[in-house]
Amino acid sequence: MDSKSRIVEIALSMADRLPLDKINYADIAEAAGVHWTTVRRHLGSKEQMRAYLADQLSDQGRDPAKADTRTKILESARSVFARCGYNGATLDQVAADAGMSKGAVYWHYASKQDLYMALLEHNVAAQRRLIPMQAQAVLEAEDPIQALSFWLRGQFRACLEHPDSALLFLEFLVSSRERGIREKLAAVFDEMHEQVSHMLAELQRSGRLSGKADAKAMSVYIQSVMHGLMVTAVIHRDDMELDSMMDDFAGMLWNGIDPRPSPER
């Protein structure tokens, strides 16, 4: 994937979870591993970039104005949930944080559960958009273990910068005993497993990975390891040097999926 395609994918991923006026060159550049001027060269001025993203939302059948309103509500929900926890948060607090009426929030989300599920779905959708690009970057690297280690460090850094996200998810999971909520959660993560397993199956067909293990099983394994490491990072963020273990984690994860030797370059 060339730099322009990577930048566009990242910008669209951000549009899934941020209001358009909150998307900037610096954040896109950091995620893409390029200088901010490269982002400007490909996406134009800030106004042109945001207009392009709005057009993309329209092409996907989403009203940019409504999408932006929903995104603002989700951003406020993220802030309120982080401050108050799932049980302590209320839609009144979310509405006040967003500068909207409670009715406006209810127009888009029928309950606190619906709002949190929407926030979770947005986060997972943003992750899914980046998976092909991230996987390609690892596979095309001269040293895939080092590339995977770099990616893991980024994941852990994001987790440690927002430690309440993992705790919030666990709180929601424990608080929501309804079968319908569990089914919705399963559907969200099943989509992630499906995408990752499809990608792994393609790598098996191309000869980059061994065909011994089932692709779906590898997908569940990889994501289960990642989820466990994220929880560990939150629990031990002050008393365990996890960053120094990233190379070992990457090696175990990479070798655990039985890669084949890279072809001669």
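Residues numbered from 1 in each chain as written. Predicted model: local features only at pLDDT ≥ 70, side-chain atom pairs only at ≥ 80, totals over all residues. Heavy atoms only, no water.

So, on to the overall build of the protein. Across its full length, the protein carries 13 helices and zero strands. Starting at the N terminus and walking to the C terminus, you meet the elements of the protein as α-α-α-α-α-α-α-α-α-α-α-α-α. A burial count over the protein gives 40% of its 265 residues as buried. Residue pairs at least 24 apart in sequence account for 68% of intrachain contacts in the protein once pairs closer than 6 positions are excluded. For the protein, the exposed area adds up to about 14,300 Å²; of that, 53% sits on carbon and sulfur atoms. (Helix = DSSP H or I, 4+ residues; strand = E, 2+ residues; numbered from the N terminus. Buried < 20%, exposed > 50% of the residue type's maximum accessible area, 1.4 Å probe, protein only. Contact = heavy atoms within 4.5 Å. Areas by Shrake-Rupley, 256 points an atom, 1.4 Å probe, with all protein chains shown as cover.)

Okay, the UniProt feature "DNA-binding region" (unreviewed entry) in the protein next. According to UniProt, the feature "DNA-binding region" (unreviewed entry) maps to residues 24-43 and 90-109 in the numbering used here. Segment residues 90-109 splits into 75% helix and 0% strand. End C-alpha atoms: 12 Å apart. (UniProt positions renumbered as here; feature names shortened; annotations may be inferred.)

The next subject is the packing of helix 1 (residues 3-15) against helix 2 (residues 25-32). At their nearest, the axes of helix 1 and helix 2 sit 9 Å apart, and the two run at 120° to each other. The angle between helix 1 and helix 2 falls in the class oblique. In this structure, helix 1 meets helix 2 at a crossing whose hand is right-handed. For the pair formed by helix 1 and helix 2, the contact residues are Arg6, Ile7, Ile10, Ala11 and Met14 on the first element and Asp27, Ile28, Ala31 and Ala32 on the second. (Axes fitted to C-alpha atoms, helices over the stretch in contact; angles between N-to-C directions. Parallel < 35°, antiparallel > 145°, perpendicular 65-115°, else oblique. Left-handed = near helix turned anticlockwise from the far one by under 90°.)

What follows is about the nonpolar core. Phe81, Leu115, Tyr116, Phe172 and Leu200 are the most contacted members of the largest nonpolar core, which totals 44 residues. At the level of secondary structure, the elements contributing two or more residues to this core comprise helix 5 (64-88), helix 6 (91-98), helix 8 (112-140), helix 9 (144-161), helix 10 (164-175), helix 11 (179-206), helix 12 (215-235) and helix 13 (246-256). Both domain 2 (64-108) and domain 3 (119-255) contribute no fewer than three residues apiece to this core. Every residue in contact with Phe172, bar those within four places of it in the chain, is listed here: Tyr86, Gln113, Tyr116, Met117, Ile181 and Leu185. (Core = buried A, V, L, I, M, F, W, Y, C linked by side-chain atoms within 4.5 Å. Domains from an automatic or database assignment.)

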